[in-house]
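As a plain string of letters, each chain reads:
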Amino acid sequence: MQIDLFYVLLGLLIVTFLLVVLLMIRFKLVEKYFLPLKFRIINTYVLDPSQKKDYLKMTIYNSTLNDARVTSFGYVYRQKNIDYFREYLVQHQHPANHQALVAARDSLTFSLPLTALVDIVQDMNGGKFSARKIIAYATTSFGQTTYLKTNLVRKHIQKVLDQRRKIERARLRCIAREQARQRREKFQKWIVRTRQGIAFFFKKTFSKRPSTTKKIKP
């Protein structure tokens, strides 16, 4: 009798445990369904050898079970948003009032020439050739924003800026050499003019001196 009671209690415990596990799984699914909409952002650097072009590719994943509408995405640099949403609409030939809907478990992709972002970063730097921390972001229609620190993007931006720094230094060296050549030419012309002036002065001075020899009368 005691053995039968033990197995009954054991069976009840097992059933209760299974019910608790199922309820927890169900609760997690429901909770995930009603979680605030957030995105997962992936940034990649792409080099196209056929066209000899490089560009940045931003992929925004909707990892929730709800459809989400994107209202803004791009990069944050020096506490300022660089919003590429309108450019995305133009790139995909959508009207200005188009609603970019990302279905559940789906994604949105945007490509951007690397130099285009470098130009903006350098302009925000006041022309300086150094890149600070840059962050990718995406915002839903509910105002919820996902951020991602993009060291990869900053690395490639800095490479382009380093190349531009070398080109600028070479340009300044050429300008300095040209200015030095012009100064040398100007100095040489000054020397020539000075010598000519001195020669003319002496020639004029001695040509006007009265003759000291007396004329002999016939």
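In what follows, the structure referred to is the one given above.
Each value, and the rule that gives it
- Residues numbered from 1 in each chain as written.
- Predicted model: local features only at pLDDT ≥ 70, side-chain atom pairs only at ≥ 80, totals over all residues.
- Heavy atoms only, no water.
- Salt bridge = Lys/Arg side-chain N within 4 Å of Asp/Glu carboxyl O.
- Helix = DSSP H or I, 4+ residues; strand = E, 2+ residues; numbered from the N terminus.
- Buried < 20%, exposed > 50% of the residue type's maximum accessible area, 1.4 Å probe, protein only.
- Core = buried A, V, L, I, M, F, W, Y, C linked by side-chain atoms within 4.5 Å.
- Contact = heavy atoms within 4.5 Å.
- Patch = residues over 30% accessible without salt bridge, like charges linked within 9 Å, V, L, I, M, F, W, Y side chains within 5 Å.
- Areas by Shrake-Rupley, 256 points an atom, 1.4 Å probe, with all protein chains shown as cover.
- Arc of directions from axis to C-beta.
- Pairing = 2+ DSSP bridges.
- Polar contact = N/O pair within 3.5 Å; in protein donor to acceptor, adjacent residues only side chain to side chain.
- Axes fitted to C-alpha atoms, helices over the stretch in contact; angles between N-to-C directions.
- Phe/Tyr/Trp six-rings, centres within 6.5 Å; stacked < 30°, edge-to-face > 60°.
- Lys NZ or Arg CZ within 6 Å of the ring centre and 35° of its normal.

Draft legend 1. Spotlight on the pattern of salt bridges. Counting across every chain of the model gives five salt bridges. The residue Arg164 makes a salt bridge to Asp119 at a minimum N-O spacing of 2.7 Å. Residue Arg164 is found in helix H4 (residues 151-207), and its partner Asp119 is found in helix H3 (residues 114-124); the two are separated by 45 residues along the sequence. Residue class for Arg164 comes out partly exposed when judged on its relative accessible area of 22%. Between Glu168 and Arg171 there is a salt bridge; the shortest N-O distance is 2.6 Å. Residue Glu168 and its partner Arg171 are located together in helix H4, separated by three residues, close to a single helical turn. We classify Glu168 as partly exposed; its relative accessible area is 25%. Here the salt bridges do not stand alone but share partners, grouping Glu178, Arg181 and Glu185 into one network.

Draft legend 2. Just the nonpolar core, in detail. If you look at the biggest cluster of nonpolar residues, it comprises 33 residues, and the most contacted ones within it are Phe73, Tyr75, Tyr84, Leu108, Leu117 and Ile157. Considering each element in turn, this core owes the most residues, five residues, to strand E3 (residues 68-77). Ignoring anything within four residues of it in the chain, the contact list for Phe73 reads Met58, Ile60, Ile82, Asp83, Tyr84, Phe85, Tyr88, Leu108, Phe110, Tyr137 and Ala138.

Draft legend 3. Structural detail: a nonpolar patch on the surface. A surface patch of nonpolar side chains, amounting to about 820 Å² of accessible area, comprises Leu10, Ile14, Val15, Phe17, Leu18, Leu19, Val21, Leu22 and Ile25. Within the element layout of this structure, Leu18 appears in helix H1 (residues 2-33). Given the relative accessible area of 46%, Leu18 is considered partly exposed.

Draft legend 4. Here's a closer look at H3. All buried positions along H3 are accounted for by Leu114, Leu117, Val118, Val121 and Gln122. Buried residues along H3 cover an arc of 135° about the axis, so they all sit on one side. Just beyond H3, the residue with positive phi is Gly126, at close to 75°.

Draft legend 5. Expanded view of the environment of Tyr61. Note on placement: Tyr61 falls in strand E2 (residues 53-62). By relative accessible area, which is 29% here, Tyr61 ends up partly exposed. Taking the C-alpha atoms as reference points, Tyr61 and Ala103, separated by 42 residues in sequence, lie 9.2 Å from one another.

Draft legend 6. Inspection of the pairing of strand E1 (residues 39-48) at higher detail. In this structure, E1 lies alongside E2, joined through 10 bridges in antiparallel fashion. Paired with Ile41 across the bridge in E2 is Ile60. Between E1 and the antiparallel strand that follows it, E2, lie four residues; Lys52 among them carries a positive phi value of about 55°.

Draft legend 7. The arrangement of the side chain of Asn43 in detail. Along the chain, the position of Asn43 falls in strand E1. In this structure the side chain of Asn43 is engaged in a polar contact, spanning 2.7 Å, whose partner is the side chain of Tyr75. With residues up to four places along the chain from it excluded, the contact list for Asn43 reads Lys57, Met58, Tyr75, Ala136, Leu148, Thr150, Leu152 and Val153.

Draft legend 8. Expanded view of the sheet that holds E1. With respect to topology, three strands assemble into an open sheet ordered E1-E2-E6, the strand pairing being antiparallel. Each edge of the open sheet carries a strand with a single partner, namely E1 and strand E6 (107-113). For this sheet, the mean inter-axis angle between neighbouring strands, taken without regard to orientation, is 20°. Its contacts with the sheet place H3 against E1, E2 and E6, and it is angled at close to 70° to E6.

Draft legend 9. Summary view of the packing of aromatic side chains. Scanning the entire structure with this criterion turns up seven aromatic pairs. Cluster of aromatic residues (ring-pair linked, three or more members): Phe73, Tyr75, Tyr84, Phe85, Tyr88 and Phe110. Positioned above the aromatic ring of Tyr61 is the side chain of Arg40, whose terminal nitrogen or guanidinium carbon lies 4.7 Å from the ring centre.

Keep in mind these values describe shape, not function.
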